[in-house]
Amino acid sequence: MRIIRKATHPVAKPVVLIAEELSPATMDALGPDFEVRHCNGADRGELLAALAAGVDAVLIRSATKMDAEAIGAAKGLKVIARAGVGLDNVEIPAATAAGVMVVNAPTSNIVSAAELAITLLLASARHVSPAHAALRNGKWARSKYTGAEIFEKTLGIVGFGRIGQLVAARMQAFGMEVVAYDPYLQPARAAQLNVRLVELDELLRISDFITIHLPKTKETANLIGEEALKKVKPTVRIINAARGGVLDETALYNALKEGRVAGAGLDVFSTEPCTDSPLFELDTVVATPHLGASTDEAQERAGIAVAVSVRKALAGELVPDAVNVKGGAIHPTIRPSLPLVEKMAQIATSIAGESPVTLSVAVRGDISEHDSSILATSALKGALAGAGAEAVTYVNTPALALEKGMSATVSTDSDSPFYRSMISLHAAFVDGKSVTVDGTLMGIRMVEKIIAINGFDLDLPPTENMIFLQYGDKPGVVGVVGNILGKAGLNIAGMQVARSEDGKEALMAITVDSSVSSELVASIAKESGADLVRAVGLVS
C-alpha cells in the first residue's frame, strides 16, 4: 500500500523592515521568527518601495519619516517602532486611523540624557569648552577662565520627571540643594527624593544653576523666555538638554550679552540641525549637537526595547510602550488582568452566540486603586474575537467596536468579599439577555481563573478551546459528552460541573486540547439534550 502525504508549505514569517542602522543586540532581541529586510529610510523612494513590498513592522530611528504617505504605502503594516524617545517623524493620527501601533522606547535614554545635562552643567561652571579651545590655540589663559563651584549651590530643575529626578539624585551627591518646578508632580514624591517643589518664579529667583527637563508643547514653548530671564541671578547658568524651543534662544543670547546670565549649556535647539547660531560665538556657551541619547548603551537599550515591543505587537499582545493605544500608561498590577478580561469577554460572547451591545467591567479589591480604564479596550477586543473578527489589535479595537455599535465601561470597588482582587464582566445583548463572567488572578504566579459564569461557581483556567453546556441537571450527561468527544478524538484537559442553588440547572465547562467544529457542537446538543451548547475556539 502506498501512503500519499500532502505537501506541506512553510508558514511565511512576519516581515520586519529595518530602515536605519540599529545595534546587533536589536537583531538578537528580534530572534529568528521574522524575515528581516533592510532599506535606507532616509531615501524616500527606497523607503516607499520597501514598504509597498509588504511588511508587518518597521523599525526606525530619527531619519525615517513615517507620514501618511508612507503608512498608506505599507500594506499589512501592524507596528511602527521608533528606537528612541521622540516621535516627531511619525504621523501618529495617520497610524492610528490605519490600525497601526506606534511604539517607542521612552526610558532607553534617560540615564544618558541625565548624564549629558550634568556634563553641560559642569562644563559651563568651569568654562571647559573655551578653555580647551584656547589651549589648542596656544594660549595658557588660567585667569580668564575662573569658574564656580557647585558645592552648596542651588540647582533648579524645571520639569521633575524621570530624567529630572535622575539629575537631582546625582547632583545631591555633589552637595547641591535641589528645588524643582513641576505642576503635575505630587509634593509627596518630591519629598521622598529630598527635593522641594516651588513655583517657577521662585525657582528662577533662587537658583544658581537651572536645568530644563520638559517636553516641548504649546504650554512649554519659550517657557524660559525674556520675562523669565529678567528674574534670575546674574550668576545663573542655564542648561537645556531636553527639547529645543522650551528655552528662548534669542532671549538667552540677549541675557548672556548683557550679563544677566553667566553661562549656558545647550544640547538642543529650536531648529535642528543647528550649525549657525549667534550663541556659538559666545565663550559663555558650551554646546553639543543633540547628543543626549547618543551613547552605545542608550542605543542598545532602545533597540532591544522596540524589538521586544515588535514581538509582542505581532503576537497580538498589548505593548505597554504603545503611544496610540487608548488607556495610556498601564500600571504593572493591572497588566496581568488584560488577557484575563479578553478571555472573559470572549467566553461571554461565545456563550451568547452574538456580539454584545455593552460590556461593563467591575474591578474589585486591591487592584481597584490603580487606573484600570484600559480594561474596557481589553473587553471589547475579547468580544470582537469571540464574535469572529480577525486581526483585532489594541489599536483598531475602538474603531471596530464603534462600527459594530459596541461600548465598554470600567468601574471600581475596593470591596471584594471572597478574593483579594476580582473582576466581573457583564455583557448585555440586543435582545435583552445578558451573560456575567467573574474572574481572578491566583497566587504569586497570577494564574488566570474563571470563578463564576452566570452565578454558577467554577474554578476554571481559561484556555483557547472550551465547551460550555447549560442543561436541566440529570444523570448521564457527563458520560454522553465524554463519549462524543472521545469518538471525535478530542482530548479533555479539564471538566467541571456547577449546579444552581436549587439543584435544577447545571453548567458544564470543558477545556479541550484542540478546536471544536460546529458539527461537533450540534452533535453534543442533540445527544445531551442540553438547553445551550457553545464553544470558544470554534472552527467552521
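In short, a report on the structure. (Residues numbered from 1 in each chain as written. Predicted model: local features only at pLDDT ≥ 70, side-chain atom pairs only at ≥ 80, totals over all residues. Heavy atoms only, no water.)

A word on the overall build of the chain
Stated formally: Only DSSP runs of H or I reaching four residues or more are called helices, and only runs of E reaching two or more are called strands; each is numbered from the N terminus. Classification of residues uses two cut-offs on accessible area relative to the type maximum, computed with a 1.4 Å probe and protein chains only: under 20% is buried, over 50% is exposed, and between them is partly exposed.
For the chain, the helix and strand inventory stands at 16 helices and 24 strands. Its C-alpha atoms give the chain principal-axis dimensions of roughly 100 × 60 × 35 Å. Scored against the burial criterion, the 540 residues of the chain give a buried share of 47%.

Some details on unusual backbone geometry
Residue glutamate 272 is joined to proline 273 through a cis peptide bond whose omega torsion reads -5°. Mapped onto the elements, proline 273 comes out in the loop between β11 (263-266) and β12 (285-287). Despite not being glycine, asparagine 194 shows a phi value in the positive range, around 60°. By the secondary structure assignment, asparagine 194 is in the loop between α8 (187-192) and β8 (196-197). Residue classification places asparagine 194 among the exposed residues on the basis of a relative accessible area of 65%.

As for helix α11 (residues 296-314)
Formally: In this scheme, a helix's expected span is set at 1.5 Å multiplied by one less than its residue total. For this quantity, the arc is that covered by the directions from the helix axis to the C-beta atoms. Working rule for contacts: check all heavy atoms of both residues, and any pair within 4.5 Å makes them a contact.
Here α11 contains 19 residues, and its C-alpha end-to-end distance of 27 Å stays within 8% of the 27 Å for a straight helix at 1.5 Å per residue. Three or more residues of α11 are buried, namely Ala298, Ala302, Gly303, Val306, Ala307, Ser309, Val310 and Ala313. The buried side chains of α11 occupy one side of the element, clustering within an arc of 165° when seen end-on. Facing away from the buried surface of α11 by more than 90 degrees, the exposed residues are Asp296 and Glu297. In this fold, the buried residues of α11 make contact with β1 (15-18), α1 (24-30), β3 (57-60), β4 (79-82), β5 (101-103) and α5 (110-125).

Regarding the packing of α5 against helix α7 (residues 162-172)
Our working definition: With axes taken as lines fitted to C-alpha atoms, and helix axes fitted only over the stretch in contact, angles between N-to-C directions fall between 0 and 180 degrees. Working definition: roughly parallel below 35 degrees, roughly antiparallel above 145 degrees, roughly perpendicular at 65 to 115 degrees, and oblique for all remaining angles. Rotating anticlockwise by less than a right angle from the far helix to the near helix defines a left-handed crossing, while the corresponding clockwise rotation defines a right-handed one.
Two numbers describe how α5 lies on α7: the axes approach to 9 Å, and their chain directions differ by 50°. In terms of their interaxial angle, α5 and α7 are classed as oblique. The two elements α5 and α7 meet at a crossing, and its hand is right-handed. Residue-level inspection shows Ile110, Val111, Ala113, Ala114, Ala117, Ile118 and Leu121 of α5 in contact with α7, the latter providing Arg162, Ile163, Leu166, Val167, Arg170 and Met171.

Concerning the environment of valine 15
With respect to the helices, strands and loops of the structure, valine 15 is situated in strand β1. Put simply, valine 15 and arginine 37 are 22 residues apart on the chain and 7.2 Å apart in space, counted from C-alpha to C-alpha.

Focus: the pairing of strand β6 (residues 154-158)
Put simply, the test is: Paired strands, in this sense, are two strands between which DSSP finds at least two bridges.
Among the five residues of β6, five are classified as buried, and the element is accordingly described as predominantly covered. Neither face of β6 is open: one carries Thr154, Gly156 and Val158, the other Leu155 and Ile157, and all of them are buried. Note that β6 and strand β7 (residues 177-181) share five bridges and pair parallel. Looking at β7, one finds that valine 158 is bridged to tyrosine 181. As judged from the four bridges shared by β6 and strand β9 (residues 209-212), these two strands associate in the parallel manner. Note that in β9 the partner of isoleucine 157 across the bridge is threonine 211.

Description of empty space enclosed by the protein
This is how the line gets drawn: We place a 1 Å grid over just the protein atoms. Points where a 1.4 Å probe fits but has no way out form a cavity, open points with protein on both sides within 12 Å along at least 5 of 7 lines form a pocket, and any residue with an atom within 4 Å of a point lines it. Grid points are joined across faces, edges and corners, and a volume is the space filled by probe spheres set on the points. Note on residue categories: nonpolar means Ala, Val, Leu, Ile, Met, Phe, Trp, Tyr, Cys or Pro, charged means Asp, Glu, Lys or Arg, and polar means any other residue, Gly included.
Within the structure shown, the criterion is met by three cavities of 30 Å³ or more. Here the largest cavity defines a volume of roughly 60 Å³. As for the largest cavity, its lining consists of 13 residues, and the residues nearest its centre are Ser124, His127, Asp283, Thr284 and Val285. Mapped by element, the contributors of at least two residues to the lining of the largest cavity are α5, α6 (128-136), β11 and β12. Residues that form the lining of the largest cavity fall into these classes: seven nonpolar, four polar and two charged.

Notes on the layout of surface pockets
A volume near 1,100 Å³ is recorded for the second largest pocket. For the second largest pocket, the lining is made up of 41 residues, of which Glu342, Gln346, Gly382, Ala385 and Gly386 are closest to its centre. Elements that contribute at least two residues to the lining of the second largest pocket include exactly α12 (337-352), α13 (374-386), α16 (518-528) and β23 (532-536). No other element matches α12, which puts eight residues into the lining of the second largest pocket. Here the lining of the second largest pocket is composed, by residue class, of 19 nonpolar, twelve polar and ten charged.

So, the pattern of salt bridges
The test is simple: Any carboxyl oxygen of Asp or Glu that lies within 4 Å of a side-chain nitrogen of Lys or Arg is treated as forming a salt bridge with it.
This structure, assessed with the given rule, holds 19 salt bridges. One salt bridge in this structure joins glutamate 226 and arginine 260, with 3.4 Å as the shortest N-O distance. Remark: arginine 260 occurs in the loop between α10 (249-257) and β11 and glutamate 226 occurs in the loop between β9 and β10 (237-240); sequence separation between them is 34 residues. The partner of arginine 420 in a salt bridge is aspartate 366, with the nearest N and O atoms 3.0 Å apart. Taken together, the positions of arginine 420 in the loop between β14 (407-413) and β15 (421-428) and aspartate 366 in the loop between β13 (358-365) and α13 put the pair 54 residues apart, joining distant regions of the chain. Given the relative accessible area of 68%, arginine 420 is considered exposed. Because the salt bridges share partners, they merge into one network encompassing Arg44, Asp67 and Glu69.

Digging into the sheet that holds strand β20 (residues 492-499)
By way of backbone hydrogen bonds, the strands of a sheet pair with one another, either parallel or antiparallel. Overall, antiparallel pairing links the four strands, which are arranged β20-β21-β19-β23 in an open sheet. The open sheet is flanked by β20 and β23, the only strands paired with a single partner. Geometrically, the sheet is characterised by an average inter-axis angle of 15° between neighbouring strands, direction not taken into account. As defined by bridge partners, β20 adjoins strand β21 (residues 505-512) across seven bridges and the pair is classed as antiparallel. Looking at the pairing, alanine 498 lines up with leucine 507 of β21.

A word on the sheet that holds β5
Taken in spatial order, the five strands make up an open sheet running β2-β1-β3-β4-β5, and their pairing is parallel. Taken across any chain shown, the strands that pair with only one partner, and hence form the sheet edges, are β2 (35-38) and β5. Taking each pair of neighbouring strands and ignoring which way they run, the sheet shows an average axis angle of 20°. In this structure, β3 lies alongside β4, joined through four bridges in parallel fashion. When the bridges of β4 are listed, isoleucine 60 appears paired with arginine 82. The sheet strands contacting α11 are β1, β3, β4 and β5, and the helix crosses β4 at an angle near 170°.

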